[in-house]
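Here are the chains, one letter per residue:
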Amino acid sequence: MADTPQQAAPGSPTFHRLWPTLFMAVTLPGHEQANAMLSGLVLEKNAEQEQMTTNYLDQNLLEDENPAVLWLRQCFDKAVHDYAQELGISYPLDWTLQAWPNVNFKGDYHNLHNHPHAWLSGTYYLNVPDQGEANTFRSDLNPGAISFFDPRPQANMGAVRGDGQFDPEFRRLPDAGELFLWPAFLHHLVHPNLVDVPRLSISFNVVLRNKANYL
Ligand SMILES: [Fe+2]
């Protein structure tokens, strides 16, 4: 990464925040209506497949012709566009989207992982059941939440409160209708669902076409 010479006056420092990890959250307008249709579709697909999340590369939910899926595809594309703009990418990008549904019944969780061979990854939430009724006997449980971890190993080791590197975990309990988008390399995990109502989401990868042109 080359430094751009700054015209700062002597004695006045310049600052660079290096290697950012950009996380985006957006609530999709019109999600109530779409989520009713999408939830039905996802539960239908779950009944057909035993390892829907594990075999996520075997399918692309976005190829479905359901009108709610068409809406979702447009929302995903807009989110990727907004994300690229925030990064400061000023040239056109060409990407494909691949998506798969996740159904977490009581006790289900997703272990720590990232999404190789993609540029960005995201999840859209159809139903995140209220965990208020869950039997939690420990205060450190976070049922239904998703946690992301600092991609710089052990960057928190020498950190002090307020320096931005103190907490290696970023955790969110998503709302239905929210879409999260992050760099595909970022490790994350989904905490167990501890209630009888299934937690439903649709995850996706953003894969760039013609990557060589971007280098
Ligand atoms: Fe994931």
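Nothing here was measured: the structure is a model prediction, and the numbers come from that model.

Participant: Explain the packing of aromatic side chains to me, please; I cannot follow it from the model alone.
Facilitator: Given two aromatic rings, their pairing is described by the distance between the two centres and the angle made by the two planes. In the structure shown here, the tally under the stated rule is nine aromatic pairs. On the basis of an interplanar angle of 65° and a centroid distance of 4.7 Å, the ring pair of F148 and W182 is categorised as edge-to-face. Of this pair, F148 sits in strand β5 (residues 146–149) while W182 sits in strand β7 (residues 178–183), and the two are 34 residues apart along the sequence. Residue F148 is classed as buried on the basis of its relative accessible area, which comes to 2%. What makes W182 buried here is its relative accessible area of 0%.

Participant: Explanation requested: the pattern of salt bridges in the structure shown.
Facilitator: Pairing is possible between side chains that carry opposite charge, provided their charged atoms lie close to one another. If you walk through the whole model with that rule in mind, you get eight salt bridges. Note that D196 is salt-bridged to K106, the shortest N-O span being 3.8 Å. Of the two residues, D196 is situated in the loop between β8 (188–190) and β9 (199–208) and K106 in the loop between β2 (95–104) and β3 (110–113); the sequence distance between them amounts to 90 residues. Between E169 and R171 there is a salt bridge, with its nearest N and O atoms 3.3 Å apart.

Participant: I tried to follow the coordination of the iron ion on my own but got confused; where do I start?
Facilitator: Note on metal sites: the ideal angle is 109.5 degrees for four tetrahedral donors, and 90 or 180 degrees for six octahedral donors. Ligation of the iron ion by protein atoms is provided by H113 (NE2), H115 (NE2) and H188 (NE2), these donors lying 2.1 to 2.2 Å from the ion. In primary sequence terms, the donor set of the iron ion follows H-x1-H-x72-H. Residue H113 is found in strand β3, and its partner H188 is found in strand β8; the two are separated by 75 residues along the sequence. On the accessibility criterion, H113 (25% relative accessible area) is partly exposed. For H188, a relative accessible area of 3% corresponds to the buried category.

Participant: How do you make sense of the sheet that holds β8 when you look at a structure like this?
Facilitator: The antiparallel open sheet is built from four strands, whose spatial order is β3-β8-β5-β6. One side of each edge strand has no neighbouring strand; the edge strands of this open sheet are β3 and β6 (169–172). Taken pair by pair, the neighbouring strands of this sheet meet at an average axis angle of 10°, ignoring direction. The pairing of β3 with β8 spans two bridges and is antiparallel. Across the sheet, the residue bridging to H113 is H188, located in β8.

Participant: Help me understand helix α2 (residues 67–87), please; the structure alone is not making it clear to me.
Facilitator: Along an α-helix, residues three or four apart share an orientation, since each turn contains 3.6 residues. Between its terminal C-alpha atoms α2 stretches 31 Å, which fits the 30 Å expected from 21 residues at 1.5 Å a residue. For α2, the set of buried residues is A68, V69, L72, C75, F76, A79, V80, Y83 and A84. Check the buried side of α2 and you find it contacts β1 (24–27), α1 (31–48), β2, β4 (120–127), β7 and β9. At the N-terminal end of α2, a side-chain oxygen is found 2.8 Å from the backbone nitrogen of A68, two or three residues along, and the residue is N66. Where α2 ends, the next residue or the one after it, G88, has phi of about 95°, a positive value.

Participant: How should I be thinking about the environment of P92 in this particular structure?
Facilitator: Along the polypeptide, P92 turns up in the loop between α2 and β2. Take P92: its relative accessible area is 72%, and that puts it in the exposed class. Along the primary structure P92 and G158 are separated by 66 residues, whereas in three dimensions their C-alpha atoms are 40 Å apart.

Participant: What's the story with the nonpolar core in this structure? I'm lost.
Facilitator: Note that soluble globular proteins tend to have their nonpolar side chains buried in a common cluster. Ranked by internal contacts, the top residues of the largest apolar core, which has 33 residues, are L38, F76, L181 and I202. Of all the elements, α2 adds the most residues to this core, at nine residues. Listed in part, the eight residues of the second largest apolar core include Y125, V128, F180 and V190.

Participant: Can you help me understand the packing of α1 against α2 in this one?
Facilitator: Each pair of packed helices can be described by the angle between their axes along with the distance between the axes. Contact pair α1 / α2: the axes reach a minimum separation of 9 Å and the direction vectors enclose 120°. By the criterion of interaxial angle, the relationship of α1 to α2 is oblique. Regarding α1 and α2, the two cross each other, and that crossing is left-handed. Packed against α1, whose contacting residues are H31, A34, M37, L38 and L41, the element α2 presents P67, A68, V69, W71 and L72 at the interface. Looking at side-chain class alone, the contact of α1 with α2 contains nine nonpolar, one polar and no charged residues.

Calculation notes
- Residues numbered from 1 in each chain as written.
- Predicted model: local features only at pLDDT ≥ 70, side-chain atom pairs only at ≥ 80, totals over all residues.
- Heavy atoms only, no water.
- Phe/Tyr/Trp six-rings, centres within 6.5 Å; stacked < 30°, edge-to-face > 60°.
- Helix = DSSP H or I, 4+ residues; strand = E, 2+ residues; numbered from the N terminus.
- Buried < 20%, exposed > 50% of the residue type's maximum accessible area, 1.4 Å probe, protein only.
- Salt bridge = Lys/Arg side-chain N within 4 Å of Asp/Glu carboxyl O.
- Donors = N, O, S within 2.8 Å, 3.2 Å for Na, K, Ca; no water.
- Pairing = 2+ DSSP bridges.
- Axes fitted to C-alpha atoms, helices over the stretch in contact; angles between N-to-C directions.
- Expected span 1.5 Å × (residues − 1).
- Contact = heavy atoms within 4.5 Å.
- Polar contact = N/O pair within 3.5 Å; in protein donor to acceptor, adjacent residues only side chain to side chain.
- Core = buried A, V, L, I, M, F, W, Y, C linked by side-chain atoms within 4.5 Å.
- Parallel < 35°, antiparallel > 145°, perpendicular 65-115°, else oblique.
- Left-handed = near helix turned anticlockwise from the far one by under 90°.
- Nonpolar A, V, L, I, M, F, W, Y, C, P; charged D, E, K, R; others polar.

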